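The lines below spell out each chain.
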Amino acid sequence: MRLLAGLVVILLCVFGGYAAMGGHLEVLVQPWEYVIILGAAIGAFIIGNQGAVLKGSFSMLGKIFKGPAYNKKAYLELLGMQFAMYKLIQQKGILGIEPHVEDPKNSSLFNAFPTFAKNHHAVEFVCDYMRMVTMGTNNVHEMEALMDEELETHHQEQERMVGALQSLADGTPALGIVAAVLGVIKTMGAINEPPEVLGHMIGGALVGTFFGVFIAYGLFGPMAQSLRGTYEAESKYFLSLKTGLLAHISGQPPVMAIEFARKALMTDVRPSFEEVDSATQNLPATA
């Protein structure tokens, strides 16, 4: 919704302003200029990016349209899941969590929290580290270093997507110049035409420069920034998991472990202490 609202404002201001100052909108209808610019941009995108990035292009666009996947309710659920897991370990010992981490798809614990259960990466993250704890690993500093390495890898994978989109923003102004130069070359081939014809042809050539700059700074650049912001917001989901897990491994009781996890969240989506306390008191029973 935010993306669509921004596009409407951009289009109204740019083209509406152009028309209001006496410009002729029909001059901007230069389809072959657009084909040159967008076709070259798509080709450069394919050449410059690996298969994983190309495959994720459509999901990347979905991210931009939808924004961050997690809201305050999702984070409250995440804290509730952590509390239930740490409480289970407190009551039954560390081996009480083993059936859940070995078969997460059929875990009554994880399935009680549907948003978390649907996040394959988050479930895998929790299961991997809790499995290590059941096998006797309890060095907090080593675990933190390993978590940081995994989260950094995940961040780098996301940055490849952002970088791919940013490269479009960086390259399209130059591709607009390419289209404009080709238009000028075409115009020079018709130098014997009357001035009004040449003027129309030169104007059409300059549309290429306009379009390249316009989509770079009015579309691709803001989309790259929006995607970066979305990924950064979603990274807090895993940072909260990491913080809670490390607090638990270091010996903090469940109520303190989730308080550590809560503090890792951004303030606009961070549940209050009272909201977390109320939610944890009404959690479904798990075996």
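Calculation rules
- Residues take numbers from 1 onward in each chain, read along the sequence in its written order.
- It should be noted that, the model being predicted, local features are given only for residues of pLDDT at least 70 and side-chain atom pairs only at 80 or more, the latter also being counted only at that level, while totals for whole chains, interfaces and linings use all residues.
- Computation of side-chain values: all heavy atoms of the structure, hydrogens and water removed.
- Put simply, a nonpolar core is a bunch of buried Ala, Val, Leu, Ile, Met, Phe, Trp, Tyr and Cys residues held in one set by side-chain atoms that sit within 4.5 Å of each other.
- Classification of residues uses two cut-offs on accessible area relative to the type maximum, computed with a 1.4 Å probe and protein chains only: under 20% is buried, over 50% is exposed, and between them is partly exposed.
- Here a strand is any run of E in DSSP of at least two residues, a helix any run of H or I of at least four, and the numbering for each starts at the N terminus.
- Contacts are residue-level and defined by heavy atoms, with any inter-residue pair within 4.5 Å sufficient.
- Only rings of Phe, Tyr and Trp enter the pairing, Trp through its six-membered ring, and a pair is recorded when the two centres are within 6.5 Å. The plane angle decides the type: under 30 degrees is stacked, over 60 is edge-to-face, the rest tilted.

Colleague: An account of the nonpolar core is needed here, citing residue identities and associated values.
Modeller: One finds Met 81, Met 85, Phe 110, Phe 116, Tyr 237 and Leu 241 to be the most contacted residues of the largest nonpolar core, which totals 42 residues. Elements with a minimum of two residues in this core: helix 5 (72-92), helix 7 (108-111), helix 9 (120-134), helix 10 (140-188), helix 11 (195-249) and helix 12 (254-263). The contact partners of Leu 241, leaving out residues within four places of it in the chain, are Leu 78, Met 81, Gln 82, Phe 116, Ala 122, Phe 125 and Val 126. With 22 residues, the next largest nonpolar core counts Leu 3, Ile 64, Val 162 and Phe 220 among its residues.

Colleague: Explain the packing of aromatic side chains to me, and be specific about the residues and the numbers.
Modeller: Summed over all chains, the structure comprises 11 aromatic pairs. Seen in terms of ring centroids, Phe 125 and Phe 238 are 6.2 Å apart; in terms of plane orientation they differ by 80°. Their pairing is edge-to-face. Here the residue Phe 125 occupies a position in helix 9, and Phe 238 occupies one in helix 11, the gap between them amounting to 113 residues. The pair Phe 125 / Phe 238 is uniform in exposure class, with both members buried. Plain terms: the ring middles of Phe 210 and Phe 214 are 5.5 Å apart, the flat faces sit at 20° to each other, and that makes the pair stacked. Here Phe 214 and Phe 210 lie together in helix 11, a separation of 4 residues that amounts to about one turn. Residue Phe 214 is classed as buried on the basis of its relative accessible area of 18%. Feature note: the residues Tyr 70, Tyr 75, Phe 125, Tyr 129, Tyr 237 and Phe 238 constitute an aromatic cluster, connected by ring pairs.

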